[in-house]
Amino acid sequence: MSEHDTRVDAGAATSGADAATATPAVDAGSAVRPERRPRASTRRLLLTAAGLTVLAIAGTFLLDPYRNYQLALIAAYFCATAGLTLLIGLTGQLSLGHAALMAAGGYGYAITTNAATEAGIEGAARFGLGMLGAVAVSAALGLALGLAAARLRGPYLAGVTLVLVIALPAFAAVFAPVLGGDQGVRIAFDGVPEALRALIAVEQWQAWVAILVAAVCATALALVRHGRLGLRMRAGHGDETAARLAGVATGRVKVAAFAWSAVTAGAGGAVLCFVTQAVSPGAYTLAFSLLLVVAVVVGGLGSLGGAASGSAIIVLLPWAVGALTAALDLPADLGQRLNGNLAVLVFGAILIVVVAWRPAGLAGVARRAVDALARRRRPRSAAVPAGGPRPAASAPEPEASTEPEASTAPEASAPRTTEPTHIER
Amino acid sequence: MDRLLFLLATGLARGAVFALFALSLVLIWRAARIVNFAQGAMAVVACYVAFAATALSGSYWVGLAAAIAAGALTGFAVERGVMRFAPASAPLAGVIMAIGLVMVIQSALGIAFGPQARPMPAPFDTRPIVVGGVPVLSPYDLFVLLVALGVMAGLLVLFTRTSLGLQLRASALAPEVSRLLGVRVGRMLTIGWMLAAAVAGLAALLLVPTELGLTPHSADLLFVYAFTVAVVGGLDSPAGALIGGLVVGVVMTVVTGTLGATVAPIAVLVQLVTVLLVRPGGVFSAREVRAA
């Protein structure tokens, strides 16, 4: 057990505390015994999260209303992609159906909110109740899916979740009295609270709410990844048999991972519902579900920072492409056909290229750049001890490529997996 | 009772096509250990080629031949141009690349042809024949059933009775040994993809006139059905694909006929989850565990 713990911890120590904490990955090779300071790094993580949140909220003052609306969308998508990136990156379970989980959260939020409105509850209490409803519904669905997922692998899970998204309109139609069929469920408008009304516009307020929810989700997920559960997810993904021998209940870990990612996806759906005042099956199509996958793959599987940048890309790129085609003054027919399709085409191509040539995504590129900077800044003699140019040079590889590449590049990750255990023996 | 008989008969015809499409998934799975999520999109490319060929020549049969050829070409292009670059040791990479391919193909078709459905008439009558006062199969359904069963029989002969089939099976089962024995494993992989894509194109084309219609997304549902069939039958088992296809086809047709088309995806989901939870190896698979 202890062997296993330390081996995975070597990875967790560096990649666990996001790209923001520039723990030089070079150290992972030389520092054989990783330091165990869970409390200190938890505090650091919380501080980082708080800092980033304040930064994002301050940023809303620089943006016009439409940009703030886009920011709210990005934050809502980030809730879902953050969970998805951990699920795929740390446990290797591919879900193509996270849009359905977002929809579950959205419906949970809408139904609870409407019930609260009827009961005469308003304001923050209503929002809180709605979020609780969203979390409850998406957690229930996530648990059910997770139970199935624990028994399935790769393509089977992908297929089941794919069918789930495709079946979403059918569910909405069959349970039309509750879910409202194709029309979906509408909720009452939630304006800016009295105290802030003079200060900010409604879009900015929505961006604030979205950012706060996303911050809570991302922080919770970062803590999960950082803690015991995260370790066990990695262990089970790296070598399921070994993990089981070491006493990790891999099935239970998978269910927990799925439930966590479902809850944050549900929170994202709730935020979307809050922003758009409606939830309908038309908003959670298969195409949207695949976009979430694009976001996490392009961002870099397993990286929260990557999920954030991926979410920004899936919101901003279609808008940029749309603006571009509008500016080109194309014939109406062609413009209509390009509208929407061109962005999907670009996303598909990016997805293929990233998987084939840059499996670590944006996070990998960023980490490599940081490593290169760190290496350049440090005097050469100190950075590379006598016998160690090779491990030092190859160490950034496995760090840069987060989890899934543990299997794509076994030779690259070999030093990390074997070294600590050898020394311990 | 009459209605049930009618549903059973049409269900068999649909099921045969599902089985054919599922068989194409099984072919690729056995050759490359990839569940090709792009199979539906690739088949739609073949259908658009068939549409263009039929429009140009005025003959359905030219279109049919063109679809098969285009399917094979698509398979070739996808294997050589995209899937060859999938990192071999990560099973998810292939799935994710296939999803990228779906997005590229569907949006490219959307840009080229627009979202509206193209009319694609059937070559035979689609009204059911009435036998003794009971409507049974339409001539077109009969044609579909015969073509699907014929192609499956042809594949069976190809794989069990020819040298090419032996090489295909050998390179799927033990690539290293086959290479030592002089089988061109890379070429066999490409041929496997071409074969599978051609079969998928044909299967999709058979369903386009009656139920799918021709849009960039028309094979999405067919893929979902076929995936279910492949899972029910066991991804490793061609015979399972046939039986699974017939079972799923009949179940889906009866469900659609009695409860309405909206429920169909839910029925698929229920079947899929039930089979995967109760018998993850597939109902008709002899294998113990599924190592995906």
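Residues numbered from 1 in each chain as written. Chains lettered and ligands numbered in written order. Predicted model: local features only at pLDDT ≥ 70, side-chain atom pairs only at ≥ 80, totals over all residues. Heavy atoms only, no water.

> Go over the overall build of chain A with me, naming the residues and quoting the values.
In terms of regular secondary structure, chain A is built from 21 helices and 2 strands. Looking at chain A as a whole, 51% of its 425 residues qualify as buried. Residue pairs at least 24 apart in sequence account for 81% of intrachain contacts in chain A once pairs closer than 6 positions are excluded. If you sum the accessible surface of chain A, you get close to 18400 Å²; carbon and sulfur atoms cover 65% of it. (Helix = DSSP H or I, 4+ residues; strand = E, 2+ residues; numbered from the N terminus. Buried < 20%, exposed > 50% of the residue type's maximum accessible area, 1.4 Å probe, protein only. Contact = heavy atoms within 4.5 Å. Areas by Shrake-Rupley, 256 points an atom, 1.4 Å probe, with all protein chains shown as cover.)

> Tell me about the overall build of chain B, and please be specific about residues and values.
Of regular secondary structure, chain B possesses 11 helices and 2 strands. Moving toward the C terminus, one meets the helices and strands of chain B in the order α-α-α-α-β-β-α-α-α-α-α-α-α. Over its C-alpha atoms chain B spans a radius of gyration of 19 Å, differing by no more than 12% from the 19 Å that the globule rule assigns to 292 residues. Seen through its principal axes, chain B has C-alpha atoms that stretch 65 × 45 × 35 Å. (Rg over C-alpha atoms; globule rule 2.2 N^0.38 Å.)

> Residues and numbers for the side chain of A:Arg126, please.
Residue and element names in this part refer to chain A. With respect to the helices and strands, the residue Arg126 is situated in helix H6 (residues 123-151). Since its relative accessible area comes to 3%, Arg126 is described here as buried. Here Thr117 takes part through its side chain, which lies 3.1 Å from a polar atom of the side chain of Arg126. Beyond its immediate stretch of four places on either side in the chain, Arg126 contacts Thr113, Ala116, Thr117, Ile121, Ala188, Phe189 and Asp190. (Polar contact = N/O pair within 3.5 Å; in protein donor to acceptor, adjacent residues only side chain to side chain.)

> I'd love a proper account of H6(A), names of residues and values included.
Spanning 29 residues, H6(A) covers 42 Å between terminal C-alpha atoms, matching the ideal 42 Å at 1.5 Å per step. Those residues of H6(A) that sit buried are A:Arg126, A:Phe127, A:Gly130, A:Met131, A:Gly133, A:Ala134, A:Ser138, A:Gly142, A:Leu145, A:Gly146, A:Ala148 and A:Ala149. (Expected span 1.5 Å × (residues − 1).)

> Go over the interface of chain A and chain B, please, and point to the residues and values.
Opposite the 44 residues of chain A that make contact, chain B presents 46 residues. Contact between chain A and chain B buries roughly 3900 Å² in total, counting both sides, with carbon and sulfur atoms accounting for 85%. Across the contact surface, chain A and chain B share 3 residue pairs in polar contact (both at pLDDT 80 or more). The leading source of residues in the side of chain A that touches chain B is helix H7 (residues 154-174) of chain A, at 15 residues. Counted by class, the side of chain A that touches chain B contains 34 nonpolar, 7 polar and 3 charged residues. (Buried area = accessible area lost by both parts, 1.4 Å probe. Nonpolar A, V, L, I, M, F, W, Y, C, P; charged D, E, K, R; others polar.)

> Account for the packing of helix H1 (residues 2-32) of chain B against helix H9 (residues 220-233) of chain B, naming residues and giving values.
All names here are of chain B. Interhelical geometry of H1 versus H9 gives an angle of 75° and a closest axis separation of 8 Å. Overall, the two elements H1 and H9 adopt an arrangement that is roughly perpendicular. Between H1 and H9, the contacting residues are Arg14, Phe18, Ala19, Phe21, Ala22 and Leu25 on the first element and Leu222, Phe223, Tyr225, Ala226, Phe227, Val229 and Ala230 on the second. Residues of the contact of H1 with H9, tallied by class, amount to 12 nonpolar, no polar and 1 charged. (Axes fitted to C-alpha atoms, helices over the stretch in contact; angles between N-to-C directions. Parallel < 35°, antiparallel > 145°, perpendicular 65-115°, else oblique.)

> Got a sec to walk through the environment of A:Val209? Specific residues and values, please.
Mapped onto the elements, A:Val209 comes out in helix H9 (residues 202-226). Ignoring anything within four residues of it in the chain, the contact list for A:Val209 reads A:Phe127 and A:Phe274.

> How would you sum up the packing of helix H10 (residues 238-259) of chain B against helix H11 (residues 264-278) of chain B? Please name residues and give values.
All names here are of chain B. For the pair H10 and H11, the least separation of the axes is 9 Å and the interaxial angle reads 140°. Taken together, the axes of H10 and H11 lie oblique to each other. Where H10 crosses over H11, the handedness of that crossing is right-handed. Only Ala264, Ala267, Val268 and Gln271 of H11 make contact with H10, whose side of the interface consists of Val248, Val251, Met252, Val255 and Thr256. Of the residues in the contact of H10 with H11, the class split is 7 nonpolar, 2 polar and no charged. (Left-handed = near helix turned anticlockwise from the far one by under 90°.)

> Kindly report on the environment of B:Gly133, identifying the contributing residues and their values.
All names here are of chain B. You can see Gly133 is positioned in the loop between strand E1 (130-131) and strand E2 (134-135). Take Gly133: its relative accessible area is 59%, and that puts it in the exposed class. It is 9.0 Å that separates the C-alpha atoms of Gly133 and Asp2, two residues lying 131 residues apart in sequence.

> Tell me about the UniProt feature "transmembrane region" (unreviewed entry) in chain B, and name the residues and values.
Within this numbering scheme, the UniProt entry marks residues 6-27, 34-53, 59-78, 90-113, 142-159, 188-208, 214-235 and 242-270 of chain B as carrying the feature "transmembrane region" (unreviewed entry). A helix fraction of 100% and a strand fraction of 0% characterise residues 142-159 of chain B, whose end C-alpha atoms lie 26 Å from each other. (UniProt positions renumbered as here; feature names shortened; annotations may be inferred.)

> Which residues make up the state of the cysteines, and what values go with them?
Tallying each qualifying case throughout the model produces 0 disulfides over all chains. No disulfide involves A:Cys273; its nearest neighbouring cysteine sulfur is the one of A:Cys79, lying 13 Å away. (Disulfide = S-S within 2.5 Å.)

> Got a sec to walk through empty space enclosed by the protein? Specific residues and values, please.
Residue and element names in this part refer to chain A. Tallied over the full model, the rule gives 6 cavities of 30 Å³ or more. Space inside the second largest cavity adds up to approximately 60 Å³. Taken together, Thr91, Arg232, Met233, Gly236, His237, Glu240, Thr250, Val253 and Lys254 form the lining of the second largest cavity. Elements with a contribution of two residues or more to the lining of the second largest cavity: helix H10 (228-238) and helix H12 (250-276). Here the lining of the second largest cavity takes 4 residues from H10, the largest share from any one element. Class assignment of the residues belonging to the lining of the second largest cavity gives a composition of 2 nonpolar, 4 polar and 3 charged. (1 Å grid on protein atoms, 1.4 Å probe; cavity = no way out; pocket = protein on both sides within 12 Å on 5 of 7 lines; lining within 4 Å. Points joined across faces, edges and corners; volume = space filled by probe spheres on them.)

> Pulling in residues and values, what's your account of the side chain of A:Thr264?
Residue and element names in this part refer to chain A. When you line up the elements, Thr264 lands in helix H12. For Thr264, a relative accessible area of 2% translates into the label buried. In this structure the side chain of Thr264 is engaged in a polar contact, spanning 3.3 Å, whose partner is the backbone oxygen of Cys79. Setting aside its immediate chain neighbours within four residues, Thr264 contacts Cys79, Ala80, Gly83, Cys217 and Leu221.

> Lay out helix H5 (residues 139-161) of chain B in plain terms, naming residues and giving numbers.
Residues and elements named next belong to chain B. The end-to-end C-alpha distance of H5 is 32 Å, a good match for the 33 Å that 23 residues give at a rise of 1.5 Å each. Those residues of H5 not exposed but buried are Tyr140, Asp141, Phe143, Val144, Leu145, Val147, Ala148, Met152, Leu155, Leu158 and Phe159. For H5, the elements touching its buried residues are H1, helix H3 (60-81), helix H6 (163-173), helix H8 (185-212) and H10.

> Would you mind going over the pattern of salt bridges in detail, with residue names and values included?
Taken as a whole, this structure holds 6 salt bridges over all chains when the rule is applied. The partner of B:Glu79 in a salt bridge is B:Arg80, and the shortest N-O contact between them spans 3.7 Å. With relative accessibility at 2%, the residue B:Glu79 sits in the buried group. One salt-bridge network, held together by shared partners, links A:Glu240, A:Arg244 and A:Lys254. (Salt bridge = Lys/Arg side-chain N within 4 Å of Asp/Glu carboxyl O.)

> A description of the confidence of the model for chain A should follow, citing residues and the corresponding values.
Residues and elements named next belong to chain A. In the predicted model, chain A carries a mean pLDDT of 78, and the fraction of residues at 70 or more is 79%. The secondary-structure element of chain A with the lowest mean pLDDT is helix H21 (residues 410-424), recorded at 37, while helix H5 (residues 98-118) shows the highest, at 92. In this model residues 1-37 is a low-confidence stretch, pLDDT under 50, and it forms 58 contacts with partners more than four residues away in sequence or in other chains. Residue range residues 382-425 is modelled with pLDDT below 50. Its contacts to residues more than four positions away, or to other chains, number 56 contacts. (pLDDT = per-residue confidence, 0-100.)

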